[in-house]
Amino acid sequence: VAVDSPLASERVAWTMNRFEKNLDVDYQARLARSWRYRVWLKAIGLAAAGLLLLFLLAYVFRAVDRLSAATAGRSR
Amino acid sequence: VSYPTAVTILFLAALAIVAADLVLRLVLRAGKPTRAQGAPREGAKSANPSVFRWLRVAVNAIGLVSLFLVASTALSRLLTDERTLTGDRLIWHVGTAPAFALAAVAIVLFWAHRNRFSAADWSRLTSAGTWAIPLRKLFFWIAVVLAIPTMASILAAMFPLFDTDGQQDLARIHRYCGPLLAAAGLLFAYFALVTWRERSQD
């Protein structure tokens, strides 16, 4: 950001975080860099949750099938 | 009960289960063989090639380490005065979460078939010293059931699908399911180690 001054010779550019007092610039930079991987986090997390749900449902269905077979007995 | 107290009680209960199992095992070992007569046992030898065995060991190790990293980064805030997980701990938590998610899928792939419940599990559970296998299965499926809302809730909160209250509810689901998942995962790891040790001693 260009910072104005009464003196033309003192016109300088400041980074925006200089306007914020007590700001941890290193942490903000690390957080900003991590944002580019956010889409990967979402994709991996949702794929993992979906696969876990598939595994769970696969065994739940088998359990329900066996339960039904056990309760049905031998009659046809 | 506040959230830090509830989480502390949860992990103390998990530790109490481990301690009770260790004490009972020591008592049973002093008195009689650990395997009760007539109690059914799991197959002692695996027919898998050695490459799968080493892959399974690697997956288990990576899963345990990633679970420890994810849980410790999240629960470390309980040791501080902060009310929310922020700063570098949040970055570490979010950074290790995909590794844990992938490891969780791999662990379920390797363990789900072995952890099917069978009719023999009830007799194992009621026989002296053989309860590790049914408890391993129980905590495995509890962890699988808890892993899904733990992951899905916090990821759903990252999409513009819910209002502020909804996002806070999703974060609350993540905060409560997460410690339960960690406790169930640790107990599954403990009983898996116990059954592996029993099998290697046979």
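Higher on the page you've got the structure.
The notes below deal with the structure included here. Model, not experiment: these values are computed from the prediction.

What counts as what
Residues numbered from 1 in each chain as written. Chains lettered and ligands numbered in written order. Predicted model: local features only at pLDDT ≥ 70, side-chain atom pairs only at ≥ 80, totals over all residues. Heavy atoms only, no water. Helix = DSSP H or I, 4+ residues; strand = E, 2+ residues; numbered from the N terminus. Rg over C-alpha atoms; globule rule 2.2 N^0.38 Å. Buried < 20%, exposed > 50% of the residue type's maximum accessible area, 1.4 Å probe, protein only. Areas by Shrake-Rupley, 256 points an atom, 1.4 Å probe, with all protein chains shown as cover. Contact = heavy atoms within 4.5 Å. Buried area = accessible area lost by both parts, 1.4 Å probe. Salt bridge = Lys/Arg side-chain N within 4 Å of Asp/Glu carboxyl O. Axes fitted to C-alpha atoms, helices over the stretch in contact; angles between N-to-C directions. Parallel < 35°, antiparallel > 145°, perpendicular 65-115°, else oblique. Left-handed = near helix turned anticlockwise from the far one by under 90°. Nonpolar A, V, L, I, M, F, W, Y, C, P; charged D, E, K, R; others polar. Phe/Tyr/Trp six-rings, centres within 6.5 Å; stacked < 30°, edge-to-face > 60°. Patch = residues over 30% accessible without salt bridge, like charges linked within 9 Å, V, L, I, M, F, W, Y side chains within 5 Å. Core = buried A, V, L, I, M, F, W, Y, C linked by side-chain atoms within 4.5 Å. Expected span 1.5 Å × (residues − 1).

## Here we look at the overall build of chain A
- In terms of regular secondary structure, chain A is built from 2 helices and 2 strands.
- Secondary structure elements of chain A occur, N-terminal to C-terminal, as β-β-α-α.
- Computed over C-alpha atoms, the radius of gyration of chain A comes to 30 Å, more than 25% over the 11 Å expected from 2.2 N^0.38 for 76 residues, which places it beyond the range of a compact globule.
- Projected onto the principal axes, the alpha-carbon positions of chain A cover approximately 100 × 20 × 15 Å.
- Taking all 76 residues of chain A together, the buried fraction comes to 14%.
- Carbon and sulfur atoms make up 61% of the accessible area of chain A, which totals about 6500 Å².

## A word on the interface of chain B and chain A
- Of the residues lining the interface, 25 residues belong to chain B; the matching set on chain A comes to 19 residues.
- Interface area lost by chain B to chain A is led by Ile148, Leu155 and Met158 of chain B, which between them contribute 25%.
- At the junction of chain B and chain A, the tally comes to 1 salt bridge.
- Across the pair Arg30 of chain A and Asp88 of chain B runs a salt bridge whose closest N-O atoms are separated by 2.6 Å.

## Thoughts on the packing of helix α5 (residues 132-156) of chain B against helix α6 (residues 164-201) of chain B
Residues and elements named next belong to chain B.
- Remark: α5 packs on α6, axes separated minimally by 7 Å, with the N-to-C direction vectors making an angle of 155 degrees. One element, α5, and the other, α6, form an angle in the roughly antiparallel class. Every pair of crossing elements has a handedness; the one defined by α5 and α6 is left-handed.
- Partitioning the contact of α5 with α6 into residue classes produces 24 nonpolar, 6 polar and 2 charged.

## Comments concerning the packing of aromatic side chains
All names here are of chain B.
- Throughout the structure, instances matching the rule amount to 8 aromatic pairs over all chains.
- Centroid distance Trp111 to Phe188: 5.2 Å. Interplanar angle 85 degrees. Geometry classified as edge-to-face. Of this pair, Trp111 sits in helix α3 (residues 87-111) while Phe188 sits in helix α6, placing them 77 residues apart in sequence. An identical accessibility class is assigned to Trp111 and Phe188; each is buried.
- Between the aromatic rings of Phe140 and Phe188, the centroid separation amounts to 5.3 Å while the plane-to-plane angle is 55 degrees, which identifies the pairing as tilted.

## Considering a nonpolar patch on the surface
- On the surface, Leu53, Leu57, Val60, Phe61 and Val64 of chain A cluster together into a nonpolar patch covering about 430 Å² of accessible area.
- As for its placement among the helices and strands, Leu53 of chain A is situated in helix α2 (residues 38-72).

## Regarding the nonpolar core
- Of all hydrophobic cores here, the largest spans 49 residues; its most connected members are Phe140, Met151 and Phe191 of chain B.
- When residues of this core are traced back to their parent elements, those giving at least two are α2 of chain A together with α1 (3-31), α2 (50-75), α3, α5 and α6 of chain B.
- Contact partners of Met151 of chain B, with chain neighbours within four places excluded, come to Gly45, Ala48, Ala49 and Leu52 of chain A together with Phe100, Ala101 and Ala104 of chain B.

## A look at the packing of helix α1 (residues 25-35) of chain A against α3 of chain B
- The interhelical angle for the contact between α1 of chain A and α3 of chain B, taken along N-to-C directions, is 20 degrees, at an axis separation of 10 Å. Comparing the axis directions of α1 of chain A and α3 of chain B gives the class roughly parallel. When you trace α1 of chain A past α3 of chain B, the crossing you get is left-handed. Contact residues: Tyr27, Arg30 and Leu31 of chain A in α1 of chain A; Gly87, Asp88 and Ile91 of chain B in α3 of chain B.
- The residue inventory of the contact of α1 of chain A with α3 of chain B, partitioned by class, reads 3 nonpolar, 1 polar and 2 charged.

## What to know about α5 of chain B
- Here α5 of chain B contains 25 residues, and its C-alpha end-to-end distance of 36 Å stays within 8% of the 36 Å for a straight helix at 1.5 Å per residue.
- For α5 of chain B, the buried fraction is high: 19 of the 25 residues fall into the buried class.

## Topic: the pattern of salt bridges
Residues and elements named next belong to chain B.
- One pass over the full model with this rule turns up 6 salt bridges over all chains.
- Among the ionic pairs, Arg25 bridges to Glu198, the shortest N-O distance being 2.7 Å. One end of the pair, Arg25, is in helix α1; the other, Glu198, is in helix α6, with 173 residues separating them in the sequence. Here the two residues Arg25 and Glu198 agree in accessibility, since each one is buried.
- The partner of Asp121 in a salt bridge is Arg124, and the shortest N-O contact between them spans 2.7 Å. Linking Asp121 with Arg124, this pair stays in helix α4 (residues 120-126), spanning 3 residues, or about one helical turn.
- Residue class for Asp121 comes out buried when judged on its relative accessible area of 4%.
- Put simply, Asp21, Arg25 and Glu198 are held in one network by salt bridges that share partners.

By themselves, these are just geometric observations and shouldn't be taken as functional.
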